[in-house]
Amino acid sequence: MELIFGILLLVAVVRMLQADQSPKLCAGMYSGGMAILRLMFGFAFLPVLGLGVIRYGVAFGYFWLLDCYGDTGWYWLIFILGAPLLLL
């Protein structure tokens, strides 16, 4: 169930990136949303907080690459290969 919500959140944030073009905002929204989801599913607070900080850095790199290569064919390659990394 957590994976389904994670995928939906990722797709929503990628769509927001296409409209807003702000990787920092998208990374914050994604890492914060995933942290809230993990807390709702019963994970401990401190591991969720630590993972949220790491997830923000990875998500910022991912969304920055998507923003840079948004108009090229590399966009879909980055989207498909990077999504499983964010959903861990």
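Here, every reference points to the structure presented above.
Summary of the structure given here. Quantities reported herein were computed from a predicted structural model and do not represent experimental measurements. (Residues numbered from 1 in each chain as written. Predicted model: local features only at pLDDT ≥ 70, side-chain atom pairs only at ≥ 80, totals over all residues. Heavy atoms only, no water.)

On the surface, Met 1, Ile 4, Phe 5, Leu 8, Ile 36, Met 40, Phe 41 and Phe 43 cluster together into a nonpolar patch covering about 860 Å² of accessible area. Those elements that provide at least two residues to the nonpolar patch are helix H1 (2–20) and helix H2 (23–40). Ranked by residue count, the leading element in the nonpolar patch is H1, at 3 residues. Tracing the backbone through its elements, the reader meets Met 1 in the segment before H1. Classification of Met 1 as exposed rests on a relative accessible area of 63%. (Patch = residues over 30% accessible without salt bridge, like charges linked within 9 Å, V, L, I, M, F, W, Y side chains within 5 Å. Areas by Shrake-Rupley, 256 points an atom, 1.4 Å probe, with all protein chains shown as cover. Salt bridge = Lys/Arg side-chain N within 4 Å of Asp/Glu carboxyl O. Helix = DSSP H or I, 4+ residues; strand = E, 2+ residues; numbered from the N terminus. Buried < 20%, exposed > 50% of the residue type's maximum accessible area, 1.4 Å probe, protein only.)

On to the pattern of salt bridges, then. In total, this model carries 1 salt bridge according to the counting rule given. Notably, a salt bridge pairs Arg 38 with Glu 2, separated by 3.3 Å at the nearest N-O pair. Taken together, the residues span a long stretch of sequence, with Arg 38 in helix H2 and Glu 2 in helix H1 at a distance of 36 residues.

For helix H3 (residues 45–68), which comprises 24 residues, the first-to-last C-alpha distance of 34 Å matches the rise-based estimate of 34 Å (1.5 Å per residue) to within 8%. Buried residues of H3: Val 48, Gly 52, Arg 55, Ala 59, Tyr 62, Phe 63 and Leu 66, and no others. Looking at the buried positions of H3, the neighbouring elements they touch are H1, H2 and helix H4 (74–86). (Expected span 1.5 Å × (residues − 1). Contact = heavy atoms within 4.5 Å.)

Here we come to the side chain of Glu 2. Side-chain polar atoms of Glu 2 contact the side chain of Arg 38, separated by 3.3 Å. Sequence-distant contacts of Glu 2, that is, excluding residues within four places in its chain, are made with Met 34, Arg 38, Phe 41 and Phe 43. (Polar contact = N/O pair within 3.5 Å; in protein donor to acceptor, adjacent residues only side chain to side chain.)

Moving on: the nonpolar core. Formed by 18 residues in total, the largest nonpolar core has its most connected members in Leu 10, Val 14, Tyr 30, Tyr 62, Phe 63, Leu 66 and Leu 86. Among all residues touching Tyr 62, those that are not within four sequence positions of it are Leu 10, Val 14, Ile 78, Phe 79, Gly 82, Ala 83 and Leu 86. (Core = buried A, V, L, I, M, F, W, Y, C linked by side-chain atoms within 4.5 Å.)

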